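This is what each chain is made of:
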Amino acid sequence: MKYATNNEWNHFGFSEAYISEIQKINGGFQFTLDNVMIHPENSKNRDIRQMRANELHFTIHEAQILQLVEEGYKVYNADGKLMEQHQDQAVEPDCYNEILKSIADGESCIYALEKSENTYQMTIDASNERTYVLSIAGTGDTEEWNRFLNI
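All of these numbers come straight from a predicted model, not from anything done at the bench.

Chemist: Describe the nonpolar core, listing the residues and the values that go with them.
Modeler: Judged by nonpolar contacts, the single largest core of 37 residues is most densely connected at F14, F31, L33, F58 and I103. Of the residues forming this core, the biggest block, four residues, is contributed by helix α1 (residues 96-103). Setting aside anything within four residues of it in sequence, one finds F58 in contact with W9, F14, F29, Q30, F31, L33, L113, Y120, M122, D141, T142 and E143.

So, in structure tokens, the structure goes:
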């Protein structure tokens, strides 16, 4: 990759980034993302404006999934009457790979990415009309991409 940054996750806009691939690499997780915004304060951004990147590799080092939660939802009829209610549900660790494969379809979109100490929390709007919250512990992150694109 032509450009690389370390621990600069907050100098990118991951909201509305599409997930095309998720891989477990060298003890870490690597997300291949499209439509990632590169903020002006990013160390590799020579322009003083918002840029964009496709095929950006976002890697969390020494990563371990802490929790994967399928968020609950409510179903209403046309009159606004509550018909069904589903609570948040923790995904069993045995099902992590299956869910992650279904998310990495190029159509699932990151809603938010936050970090608190050594925990990355990613909220994902999946193409199966479900929302997942993925919490991963890691020691750091790397972002790699080949080119800057105009918005």
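Chemist: Account for the environment of T5, with residues named and values stated.
Modeler: Take T5: it is sitting in strand β1 (residues 3-6). Considered as a pair, T5 and K44 are 39 residues apart in the sequence and their alpha carbons are 7.5 Å apart. Residue contacts for T5: discarding those within four places in its chain leaves F12, N42, S43, K44, D141, T142, E143 and W145.

Chemist: How would you sum up the packing of aromatic side chains? Please name residues and give values.
Modeler: Under the counting rule described, the total for this entry stands at eight aromatic pairs. Where F14 meets F58, the ring centres are 5.0 Å apart and the plane angle is 55°; that geometry is what we call tilted. Of this pair, F14 sits in the loop between β2 (12-13) and β3 (18-25) while F58 sits in strand β7 (residues 56-61); the two residues are 44 residues apart in sequence, bridging distant segments of the chain. Look at W145 and F148: their rings are 5.6 Å apart centre to centre, the planes differ by 90°, and that puts the pair in the edge-to-face class. With respect to burial, W145 and F148 carry one shared label: buried.

Chemist: Describe in detail the sheet that holds strand β6 (residues 51-53), supporting the description with residues and values.
Modeler: A sheet is described by the order of its strands in space; here three strands give the open sequence β2-β5-β6, paired in antiparallel fashion. Edge positions in the sheet fall to β2 and β6, since each of these pairs with one other strand and no more. With two bridges joining them, β2 and strand β5 (residues 36-38) adopt antiparallel strand pairing. Directly across from F12, in β5, lies its bridge partner I38.

Chemist: Break down the side chain of T59 for me, citing the residues and quoting the values.
Modeler: Structurally, T59 can be placed in strand β7. Accessibility expressed as a relative area gives 10% for T59, which makes it buried. One polar contact links T59 to Q30, side chain to side chain, over a distance of 3.3 Å. Setting aside anything within four residues of it in sequence, one finds T59 in contact with F29, Q30, G140, D141 and T142.

Chemist: Tell me what's going on with the pairing of strand β4 (residues 28-34), and back it up with residues and numbers.
Modeler: Two faces belong to every sheet, and in a regular strand the side chains alternate between them. With six of its seven residues buried, β4 lies for the most part within the structure. Relative to β4, β3 is paired through seven bridges, and the arrangement is antiparallel. Looking at the pairing, E21 lines up with T32 of β4. Here β3 folds back onto β4, and the loop between the two strands holds two residues, one of which, N26, carries a positive phi near 45°. Inspection of the sheet shows β4 paired to β7 by five bridges, in the antiparallel sense. Counterpart to F29 in the pairing with β7 is I60.

Procedures and definitions
- Residues numbered from 1 in each chain as written.
- Predicted model: local features only at pLDDT ≥ 70, side-chain atom pairs only at ≥ 80, totals over all residues.
- Heavy atoms only, no water.
- Core = buried A, V, L, I, M, F, W, Y, C linked by side-chain atoms within 4.5 Å.
- Buried < 20%, exposed > 50% of the residue type's maximum accessible area, 1.4 Å probe, protein only.
- Helix = DSSP H or I, 4+ residues; strand = E, 2+ residues; numbered from the N terminus.
- Contact = heavy atoms within 4.5 Å.
- Phe/Tyr/Trp six-rings, centres within 6.5 Å; stacked < 30°, edge-to-face > 60°.
- Pairing = 2+ DSSP bridges.
- Polar contact = N/O pair within 3.5 Å; in protein donor to acceptor, adjacent residues only side chain to side chain.

Note that every value here comes from positions in space, so none of it alone points to a role or purpose.
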